[in-house]
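# Residue-level structure breakdown
Each chain, written out:
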Amino acid sequence: MSAPDQSPLTSHESRSLSLLGYPTNLLTPGETYESVNKTISEIPLSDRAPAAWRIGFVIAFLLLMMFLFAVSWLLIKGVGIWGVNIPVAWGFAIVNFVWWVGIAHAGTFISAILLLLFQHWRTAINRFTEAMTLFAIACAGLMPLLHLGRPWVFYWLLPYPDTMGLWPQFRSPLVWDVFAVGTYFTVSLLFWYLGLVPDLATVRDRAPKLWQKKIYGVFALGWRNSAAHWQRHQIAYLLLAGLATPLVLSVHSVVSFDFSVAIVPGWHSTIFPPYFVAGAIYSGFAMGLNIIIPVRKVYHLERLITERYLNNMANIMLVTGMIVAYGYFIEALMAWYSGDIFEQYMMMNRTLGPYGWVFWLLMLCNVLVPQALWSARIRRNPVTLFIVAFFINVGMWIERFVIVITSLARDFTPSAWAMFFPTRWDWAILFGSVGLFLTLLFLFVRLVPMISISETRELVAEPQKATVP
């Protein structure tokens, strides 16, 4: 959809914004319809992938095989191979679940919310983040299933009519997760595929081989680039964006209810829903940068994914990072101000207890290192930006570990206290799920247009009319 007409930037405005650290162009000058078509569509049509892609895919596939082996052994032996115990009944599986759901949030935020706000700078990155959303939800959905112990009866969580009278407990947020994550995956899949249809038709029309034309033609659903097709496509695209936007707030709020409705010290907090949503967008943008920056370099897409895209993503990451840091501060303040001895001890245990070093590592990754994003040089340098984003991703996983493990390890009854020590199978599931995510991502990059061709061509038509946020 074309954005509303906006006045172009003057040379003085462009120079001033550039001095402030804001790149002023979304596309490199000189791009044409044909160059955009050729650059993007040739990637899935090429006979041979770059060497970096092949090496990365082999590593990701080996991690995936480790994941399959770990899951197979888990199904044979049971969850006793993990480090879970009493009272730490939730271990890495739930930590991983919350982390992966958070990573999935950037896709919907960039694709749906920024589309409704007519932000042009989403154009070259929305396809990446939409795919990242689907693959992250797939990884997230596996974790509670594996944690069930008997994953083959997962359908007990669904309200199906059965003669045994077995109905899920609808007051439990664990049941809400099933509906929230399922709805999020369905809407995200429809939104991603609908945006792909015109680009699949472009690839179909440019394919040199008959089998490529047939395969891409099937998935293009008979797209002919007619005005009627575009009208229906844009209406459906906006409707799905409107449906997906509330999910950014609702899905991770529901995930936070898994904790905040409990009475465990450190969990029953009203700040959890906004705190979790901000953290989800934070980690989602960090993962997006960790994906986009290497792909941009390997496929030489600097002319399409310019510095301005990276700069804007870094700015949102900085803002959400400050919200997360504020959440940490308020959590500690309210534990002290409440006068609740259990909350006060929980905070002291987090900072000075046996897991204290994990907490301070969290502060380093999520609060201190991201302060580098105040510097325009850091935001505009892909290498330093990649490093900061990597620290944030590690920090957000550690945050989930701190929330889940430290609160359970020491609750109300000292006689039931126990330390949680992850086993090699816990780590195999974690890194194996990363392998599943990366394997799907490598296949996506290789088989479908990773950048929206139709929306990028709109930027060619109005190269100077996108305002800088």
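See the structure printed just above.
Residues numbered from 1 in each chain as written. Predicted model: local features only at pLDDT ≥ 70, side-chain atom pairs only at ≥ 80, totals over all residues. Heavy atoms only, no water.

Of regular secondary structure, the protein possesses 17 helices and 0 strands. Compactness check: the protein gives a C-alpha radius of gyration of 23 Å against a globular reference of 23 Å for 469 residues, within 12% of the reference. Expressed as lengths along the three principal axes of its C-alpha atoms, the size of the protein is roughly 70 × 55 × 40 Å. In the protein, which comprises 469 residues, the proportion classed as buried is 54%. Sequence separation of 24 or more characterises 82% of the internal contacts of the protein that already satisfy a separation of 6 or more. Summed over its atoms, the accessible surface of the protein is roughly 21,100 Å², and 72% of this surface lies on carbon and sulfur atoms. When the 30 basic and 23 acidic side-chain charges of the protein are each reduced to a single mean position, those positions are 8 Å apart. (Helix = DSSP H or I, 4+ residues; strand = E, 2+ residues; numbered from the N terminus. Rg over C-alpha atoms; globule rule 2.2 N^0.38 Å. Buried < 20%, exposed > 50% of the residue type's maximum accessible area, 1.4 Å probe, protein only. Contact = heavy atoms within 4.5 Å. Areas by Shrake-Rupley, 256 points an atom, 1.4 Å probe, with all protein chains shown as cover. Lys, Arg positive; Asp, Glu negative; His and termini not counted. Charge placed at Lys NZ, Arg CZ, Asp CG, Glu CD.)

Another point: the packing of aromatic side chains. Per the counting criterion, the structure on display carries 36 aromatic pairs. Where Tyr355 meets Phe401, the ring centres are 5.9 Å apart and the plane angle is 75°; that geometry is what we call edge-to-face. Taken together, the residues span a long stretch of sequence, with Tyr355 in the loop between helix 12 (341–352) and helix 13 (356–368) and Phe401 in helix 15 (residues 382–409) at a distance of 46 residues. Residue class for Phe401 comes out buried when judged on its relative accessible area of 8%. Cluster of aromatic residues (ring-pair linked, three or more members): Trp90, Phe259, Trp267, Phe272, Tyr275, Phe276 and Tyr328. (Phe/Tyr/Trp six-rings, centres within 6.5 Å; stacked < 30°, edge-to-face > 60°.)

As a packed pair, helix 9 (residues 227–260) and helix 10 (residues 272–298) sit with axes 8 Å apart at the nearest point and diverge in direction by 125°. When the axes of helix 9 and helix 10 are compared, the pair comes out oblique. The hand of the helix 9/helix 10 crossing is right-handed. Across the interface between the two elements, Val248, Leu249, His252, Ser253, Ser256, Phe257, Phe259 and Ser260 from helix 9 touch Phe272, Pro273, Phe276, Val277, Ala280 and Ile281 from helix 10. Partitioned by chemical class, the residues of the contact of helix 9 with helix 10 number 10 nonpolar, 4 polar and no charged. (Axes fitted to C-alpha atoms, helices over the stretch in contact; angles between N-to-C directions. Parallel < 35°, antiparallel > 145°, perpendicular 65-115°, else oblique. Left-handed = near helix turned anticlockwise from the far one by under 90°. Nonpolar A, V, L, I, M, F, W, Y, C, P; charged D, E, K, R; others polar.)

Okay, helix 9 next. Along its 34 residues, helix 9 runs 50 Å from first to last C-alpha, staying within 8% of the 50 Å computed at 1.5 Å per residue. When the local axis directions of helix 9 are compared, the greatest deviation, roughly 35°, occurs at Leu247. (Expected span 1.5 Å × (residues − 1). Bend = angle between axes of the 7 residues up to and from the residue.)

Moving on, we get to the nonpolar core. Core analysis: the biggest nonpolar cluster contains 147 residues, and Phe259, Phe285, Met317, Phe444 and Met450 have the highest contact counts within it. When sequence neighbours within four positions are dropped, the list of residues in contact with Phe259 reads Trp90, Ile94, Val98, Trp267, His268, Phe272, Phe276, Ile403 and Val404. (Core = buried A, V, L, I, M, F, W, Y, C linked by side-chain atoms within 4.5 Å.)

Moving on, we come to a nonpolar patch on the surface. There is a patch of nonpolar side chains on the surface, built from Leu145, Leu148, Phe154, Tyr155, Trp156, Leu158 and Leu166 and spanning about 560 Å² of accessible area. Considering the arrangement of structural elements, one finds Leu148 in the loop between helix 6 (126–147) and helix 7 (173–206). Here Leu148 falls in the partly exposed class, since its relative accessible area comes to 42%. (Patch = residues over 30% accessible without salt bridge, like charges linked within 9 Å, V, L, I, M, F, W, Y side chains within 5 Å. Salt bridge = Lys/Arg side-chain N within 4 Å of Asp/Glu carboxyl O.)

Before going further, it helps to spend a moment on the pattern of salt bridges. Applying the stated criterion to the full structure yields 7 salt bridges. In this structure, Glu331 and Arg350 form a salt bridge, with 3.2 Å as the shortest nitrogen-oxygen distance. Residue Glu331 is located in helix 11 (residues 307–338), and its partner Arg350 is located in helix 12; the two are separated by 19 residues in the primary sequence. Given a relative accessible area of 11%, Glu331 falls into the buried group.

What follows is about the packing of helix 5 (residues 105–116) against helix 9. The interhelical angle for the contact between helix 5 and helix 9, taken along N-to-C directions, is 135°, at an axis separation of 8 Å. With respect to helix 9, the axis of helix 5 lies oblique. The two elements helix 5 and helix 9 cross, and the hand of that crossing is left-handed. Here His105, Thr108, Phe109, Ala112, Ile113, Leu115 and Leu116 of helix 5 lie close against helix 9, whose contacting residues are Tyr237, Leu238, Ala241, Gly242, Ala244, Thr245, Leu247, Val248, Val251 and His252.

Right, let's get into unusual backbone geometry. For residues other than glycine, phi is negative in most cases, and the peptide bonds are mostly trans. With an omega of 15°, the peptide bond between Ile86 and Pro87 qualifies as cis. By the secondary structure assignment, Pro87 is in the loop between helix 3 (51–77) and helix 4 (92–103). Phi angles above zero are rare outside glycine, and Asn225 is one such case at about 65°. Mapped onto the secondary structure, Asn225 falls in the loop between helix 8 (210–219) and helix 9. Residue Asn225 is classed as partly exposed on the basis of its relative accessible area, which comes to 47%. For His300, which is not glycine, the phi torsion reads 55° and is therefore positive.

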